[in-house]
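Descriptive structure summary
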Amino acid sequence: GPDAPGAVELTQRLEALGATVRVVACDVADRAQLQGVLEDVDQLVGVIHAAGVLDDGVLEGLSAERV
């Protein structure tokens, strides 16, 4: 969403390249939330789904919970 670290800077960089950018936070597993976002879009060219947490490491150093 717009409060994510780097969202403002990324939006500015993309807009400088000519893109129209709208950053929203939405739980895509919530059909009503997603429908609300999509209904508010005039023209959709692309979606970047950037949710996730990276917790990688060397396989030998991972616990069963991390694997």
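If you're wondering where the values come from, they're calculated on a predicted model, not measured in any experiment. All residue numbers refer to positions counted from 1 along the written sequence of the respective chain. Side-chain atom pairs in this predicted model are given and counted only at pLDDT of 80 or more, local residue features only at pLDDT of at least 70, and totals for whole chains, interfaces and linings cover all residues. Hydrogens and waters are ignored; side-chain quantities use all the structure's heavy atoms.

A count of helices and strands for the chain gives 2 helices and 0 strands. Taken over C-alpha atoms, the radius of gyration comes to 17 Å for the chain, far larger than the 11 Å a tight globule of 67 residues would show. Dimensions of the chain along its principal axes, counting C-alpha atoms only, are 50 × 30 × 20 Å. Counting over 67 residues, the chain shows a buried share of 4%. Residue burial considers only the protein chains on display, and all accessible areas are found by Shrake-Rupley using a 1.4 Å probe. When the accessible surface of the chain is summed, it comes to about 6200 Å², and 54% of that surface belongs to carbon and sulfur atoms. Counting rule for charge: Lys and Arg are taken as positive, Asp and Glu as negative, and neither His nor the chain ends is counted. Every charge is mapped onto a representative atom, which is NZ of Lys, CZ of Arg, CG of Asp or CD of Glu. Charged side chains in the chain number 4 positive and 12 negative. The centres of these two groups are separated by 3 Å. Helix and strand assignments come from DSSP, with helices taken as H or I runs of at least 4 residues and strands as E runs of at least 2, each series counted from the N terminus. Radius of gyration means the value over C-alpha atoms here, while the globule rule gives 2.2 Å times the residue count to the 0.38 power. Only protein chains enter the calculation, and the probe is 1.4 Å; a residue is then buried if its accessible area is under 20% of its type maximum, exposed if over 50%, and partly exposed in between.

Glancing now at the side chain of Thr11. Mapped onto the secondary structure, Thr11 falls in helix H1 (residues 7-16). Residue classification places Thr11 among the buried residues on the basis of a relative accessible area of 15%.

On to the environment of Val67. Along the chain, Val67 turns up in the segment after helix H2 (31-39). When its relative accessible area of 70% is taken as the criterion, Val67 is described as exposed. Sequence separation of Val67 and Asp40 is 27 residues, and the distance between their C-alpha atoms is 39 Å. Contact criterion: two residues are considered in contact whenever any of their non-hydrogen atoms come within 4.5 Å of each other. Not counting the four nearest positions on each side in its chain, Val67 is found in contact with Leu59 and Leu62.

Time to look at the environment of Val47. Looking at where Val47 falls in the secondary structure, it is placed in the segment after H2. A residue is classified by how much of its surface remains accessible, and Val47, at 64% relative accessible area, is exposed. Sequence separation between Val47 and Arg22 is 25 residues, and the spatial gap between their C-alpha atoms is 10.0 Å.

To continue, consider a nonpolar patch on the surface. The patches reported here contain residues having more than 30% relative accessible area and no salt bridge. Joining distances are 9 Å for like charges and 5 Å for nonpolar side chains (Val, Leu, Ile, Met, Phe, Trp, Tyr). We define a salt bridge as a contact between a side-chain nitrogen of Lys or Arg and a carboxyl oxygen of Asp or Glu at a distance within 4 Å. Together, Leu10, Leu14 and Leu17 line one region of the surface with nonpolar side chains, adding up to about 300 Å² of accessible area. Locating Leu10 in the fold gives a position in helix H1.

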